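# Tertiary structure, described
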Amino acid sequence: ERTIVGDALDHLNAACKEIDALSVRALTRAELQEVLSRLNAGEKRLATVQQRLLGRMVATNNASPPQFDPAVVLARRLRISLAEAQRRIADAGPP
């Protein structure tokens, strides 16, 4: 499972780099709107996955004696405030 997840993330990173490198100057307004709509849909899917992962991380931490504070780890890894990390964990809820 770990290699499957790693491979999927590698593909996601490659796709993001490819999209980032594309020229959008020739696109029409309608095409730009379509691209933005599709990027937004992808962003929502990624947010759903992130919430599921956060829920799992919290559940794993609660299953045994706490070895780390998930909010502190998340804040450091994502370079966000502790309050934002706590909000995201609360939004994720139980797995």
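Computed from a prediction, not measured in an experiment: that's the story for all the values here.

Each value, and the rule that gives it
Residues numbered from 1 in each chain as written. Predicted model: local features only at pLDDT ≥ 70, side-chain atom pairs only at ≥ 80, totals over all residues. Heavy atoms only, no water. Helix = DSSP H or I, 4+ residues; strand = E, 2+ residues; numbered from the N terminus. Rg over C-alpha atoms; globule rule 2.2 N^0.38 Å. 1 Å grid on protein atoms, 1.4 Å probe; cavity = no way out; pocket = protein on both sides within 12 Å on 5 of 7 lines; lining within 4 Å. Points joined across faces, edges and corners; volume = space filled by probe spheres on them. Nonpolar A, V, L, I, M, F, W, Y, C, P; charged D, E, K, R; others polar. Core = buried A, V, L, I, M, F, W, Y, C linked by side-chain atoms within 4.5 Å. Buried < 20%, exposed > 50% of the residue type's maximum accessible area, 1.4 Å probe, protein only. Contact = heavy atoms within 4.5 Å.

Helix and strand counts for the protein chain stand at four helices and zero strands. Scanning the protein chain from its N terminus toward the C terminus, one meets helices and strands in the order α-α-α-α. Against the globule reference of 12 Å for 95 residues, the protein chain gives a C-alpha radius of gyration of 17 Å, more extended than a compact globule. Across its three principal axes, the protein chain shows a C-alpha extent of roughly 55 × 30 × 20 Å.

This next bit is on the layout of surface pockets. Looking at the largest pocket, its volume works out to about 830 Å³. What lines the largest pocket is a set of 16 residues, among which Val5, Leu9, Val49, Gln50 and Leu53 lie closest to the centre. For the lining of the largest pocket, the secondary-structure elements that each account for two or more residues are α1 (2-21), α2 (29-63) and α3 (70-78). Examining the composition of the lining of the largest pocket, we find that seven residues originate from one element, α2, more than from any other. Residue composition of the lining of the largest pocket, by class: twelve nonpolar, two polar and two charged. Around the second largest pocket, the lining comprises 16 residues; the ones closest to its centre are Cys16, Ile19, Val35, Arg38 and Leu39. Only α1 and α2 provide two or more residues apiece to the lining of the second largest pocket. Sorting elements by how many residues they give to the lining of the second largest pocket places α2 first, with eight residues.

Right, let's get into the nonpolar core. Residues Leu54, Val58, Ala71, Leu74, Ala75, Ala85, Ile89 and Ala92 constitute the largest nonpolar core, which totals eight residues. Excluding residues within four positions of it along the chain, Ala71 makes contact with Leu82, Ala85, Gln86 and Ile89.

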